[in-house]
Amino acid sequence: MVVPAADLPDRVRIYEVGARDGLQNEKGAVPTEVKAEFIRRLADAGLTTIEATSFVHPKWVPQLADAEELFPRVRDLPGTELPVLVPNQRGLDRALALGADRIAVFASATESFAKANLNRTVDESLAVFEPVVRQAKDAGARVRGYVSMCFGDPWEGAVPPHQVARVCTALRNMGCDELSLGDTIGVATPGHVRGLLNLLDEEGVPTDEIGVHFHDTYGQALANTYAALEHGVTTVDASAGGLGGCPYARSATGNLATEDLVWMLHGLGIETGVDLDRLTATSVWMAAHLDRPSPSRTVRALSHKDQ
């Protein structure tokens, strides 16, 4: 039953991360053609922004070592943006050589995570990204800046919002078109989300340039998403079937499941362009390839109903 709520967006853009963030932690190698078919099925379900892969050194993320082989298989999907993550200049060069025109870089709001994930300080990592963003923009690409550990850090605890605002401002100043606020270990609560978004307003970061990326460690991902929607955010990251976590934050469980997000949004009368039945079937298909059930409650409910 659709029951709209006042003062929420009419439409939400879902930034699907299952093919990259969702699969990057898988211990067993997922065949390239399975990844490509996953992306095709996600697009067929109506998702128009699907992060395809990362051009990172295979030593760090072996699951994504096939980026050069995978991206050409899917880059011509009609009506679909296929962002790719790049860690540095070399990664950008590889991505641009294959025709990528949506680029993402990955920064941290905390020193501990910057050291663990990037082997640099926050300022050093931003200095590395500045020429990468500039070259990507010069090549005509649109650039997203991920900001991890926006709410809590496994080593440092609660993260002061001003630290997050400083990194967001630096990424915008170097040319990022969009920012994704990451609750990397899933500790955010709705009041914390509102507080950070209010501060970013005060710091001059436009809400229409912000996306949110919540993990569901404490079951708060949908509640946090709702708080962001109330603030006017219209881009939400999610992972089909709830796949994914964070290789450098052991307490992080899976991403917000795209199906759970779509169920809530459609119930609120918010358009997504996503066919929930096709999306659920895609996650069931991928779960079979991974040989385990999907953690998404909506996938479990809808697939059980069909049996």
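Calculation criteria
- Every chain begins its residue count from 1, and numbering advances along the sequence as written.
- In keeping with the model being predicted, local features are shown solely for residues with a pLDDT of at least 70 and side-chain atom pairs are shown and tallied solely at 80 or more, while totals for entire chains, interfaces and linings include all residues.
- To get the side-chain values, all heavy atoms of the structure are used, and hydrogens and water are removed first.
- Note on pairing: DSSP must find at least two bridges between two strands before they are called paired.
- What counts as a helix is a DSSP run of H or I of at least four residues, what counts as a strand is a run of E of at least two, and both are numbered from the N terminus.
- Note on contacts: a residue pair is in contact if any heavy atoms of the two residues lie within 4.5 Å.
- Axis lines are fitted through C-alpha atoms, for helices just across the contact stretch, and the angle between N-to-C directions can take any value from 0 to 180 degrees.
- Here the aromatic set is Phe, Tyr and Trp, taking the six-membered ring for Trp, and pairing holds for ring centres within 6.5 Å; pairs whose planes are under 30 degrees apart are stacked, those over 60 apart are edge-to-face, and all others are tilted.
- The rule is simple: take the accessible area with a 1.4 Å probe, protein chains only, and divide by the maximum for that residue type; under 20% is buried, over 50% is exposed, in between is partly exposed.
- Either the NZ atom of lysine or the CZ atom of arginine qualifies as a charge over a ring when it sits within 6 Å of the ring centre and within 35 degrees of the ring normal.
- Throughout this description, the term nonpolar core refers to a set of buried Ala, Val, Leu, Ile, Met, Phe, Trp, Tyr and Cys residues connected via side-chain atoms within 4.5 Å.
- Taken from the helix axis, the directions to the C-beta atoms give the arc we talk about.
- In this analysis a 1.4 Å probe is tested at points of a 1 Å grid over the protein atoms alone, and where it fits but cannot get out there is a cavity; an open set with protein on both sides within 12 Å along at least five of seven lines is a pocket; lining residues have an atom within 4 Å of a point.
- Grid points are joined across faces, edges and corners, and a volume is the space filled by probe spheres set on the points.
- Residues are grouped as follows: Ala, Val, Leu, Ile, Met, Phe, Trp, Tyr, Cys and Pro are nonpolar; Asp, Glu, Lys and Arg are charged; all remaining types, including Gly, are polar.
- Should a side-chain nitrogen of Lys or Arg be within 4 Å of a carboxyl oxygen of Asp or Glu, the pair is scored as a salt bridge.
- We call a crossover right-handed when, viewed with both strands directed away from the observer, the connection leading from the first strand over the helix to the second proceeds clockwise.

Student: Looking at this model, I keep getting lost on the sheet that holds strand β5 (residues 102–108). Mind explaining?
Tutor: Sheet strands associate in pairs through backbone hydrogen bonding, adopting either a parallel or an antiparallel arrangement. The strand order across the open sheet formed by nine strands is β2-β1-β11-β10-β9-β6-β5-β4-β3, and the pairing between neighbours is parallel. Taken across any chain shown, the strands that pair with only one partner, and hence form the sheet edges, are β2 (49–50) and β3 (53–54). Note: strand β10 (residues 210–214) against strand β11 (residues 235–238), two bridges, orientation parallel. Following the sheet pairing, G211 is matched in β11 by T235. Contacts from helix α7 (residues 161–174) reach β5, β6 (142–148) and β9 (178–183), with the element oriented near 165° to β6.

Student: Is there a simple way to think about the packing of aromatic side chains in this case?
Tutor: For any two aromatic rings, the description comes down to two numbers: the centre-to-centre distance and the angle of the planes. Applying the stated criterion across every chain yields a total of four aromatic pairs. Considering the side-chain rings of F55 and F71, the 6.5 Å spacing of their centres and the 70° angle between planes classify their relative orientation as edge-to-face. Taken as a pair, F55 in the loop between β3 and α3 (67–74) and F71 in helix α3 lie far apart in primary sequence, 16 residues in all. With 5.6 Å between their ring centres and 35° between their planes, F106 and Y146 make a pair best called tilted. Of this pair, F106 sits in strand β5 while Y146 is found in strand β6, placing the two residues 40 residues apart along the sequence. Classification of Y146 by relative accessible area gives buried; the value is 3%. Chaining the aromatic ring pairs together yields one cluster made of Y15, F106 and Y146. In this structure, R144 is placed above the aromatic ring of Y15, and the distance from its NZ or CZ to the ring centre is 3.4 Å. One Lys or Arg, R144, reaches over the ring of Y146 and ends 5.0 Å from the middle of that ring.

Student: What should I look at first to understand the nonpolar core in this one?
Tutor: Within soluble globular proteins, side chains that are nonpolar tend to cluster in buried spots. F38, I103, V164, L171 and L181 are the most contacted members of the largest nonpolar core, which totals 88 residues. Those residues in contact with V164, other than ones at most four positions away along the chain, are A109, V147, C150, V159, L181 and L196. Grouped together as the second largest cluster of nonpolar side chains are nine residues, V17, A104, F106 and Y146 included.

Student: What am I meant to see in α3 here?
Tutor: Side chains that are three or four residues apart share a direction in an α-helix, a result of its 3.6 residues per turn. Listed in full, the buried residues belonging to α3 are A67, L70, F71 and V74. Viewed along the axis of α3, the buried residues span an arc of 95°, placing them on a single side of the element. Turning to α3, the residues buried within the fold contact α2 (32–44), β3, β4 (84–85) and α4 (89–97).

Student: What is the right way to look at unusual backbone geometry in this model?
Tutor: Among all residues save glycine, negative phi is the norm, and among peptide bonds the norm is trans. Phi at M149 takes a positive value of approximately 60°, unusual for a residue other than glycine. Considering the arrangement of structural elements, one finds M149 in the loop between β6 and β7 (152–153).

Student: How should I be thinking about the layout of surface pockets in this particular structure?
Tutor: Counted as a void, the second largest pocket has a volume near 280 Å³. Lining the second largest pocket are 16 residues, and of these D216, N255, D260, P295 and R297 lie nearest its centre. Of all the elements in the fold, those that place two or more residues in the lining of the second largest pocket are α10 (258–267) and α12 (297–305). With three residues, α12 is the largest single contributor of residues to the lining of the second largest pocket. Tallied by class, the residues present in the lining of the second largest pocket amount to five nonpolar, seven polar and four charged.

Student: Any chance you could explain the pattern of salt bridges here in plain terms?
Tutor: Any two side chains of opposite charge can pair, so long as their charged atoms come close to each other. According to the stated counting rule, one finds 24 salt bridges in the structure shown. Across the pair R11 and E271 runs a salt bridge whose closest N-O atoms are separated by 3.2 Å. Highlighted residues: R11 in the segment before β1 (13–16) and E271 in the loop between α10 and α11 (276–290), separated in sequence by 260 residues. Overlapping salt bridges, with partners in common, bring together R13, E81, D101, R102, R144, E178 and D237 in one network.

Student: Just checking my understanding: could you explain the pairing of β5 for this structure?
Tutor: Note on strand geometry: in a regular strand, side chains alternate between the two faces of the sheet. Most of β5 is tucked away: six of the seven residues are buried. Examined bridge by bridge, β4 and β5 share two bridges and lie parallel to one another. By the bridge assignment, L85 is partnered in β5 with A104. What joins β4 to β5 is α4, and the crossover it makes is right-handed. Where β5 and β6 come together, seven bridges link them in parallel fashion. Bridging across to β6, I103 finds its partner in V143.

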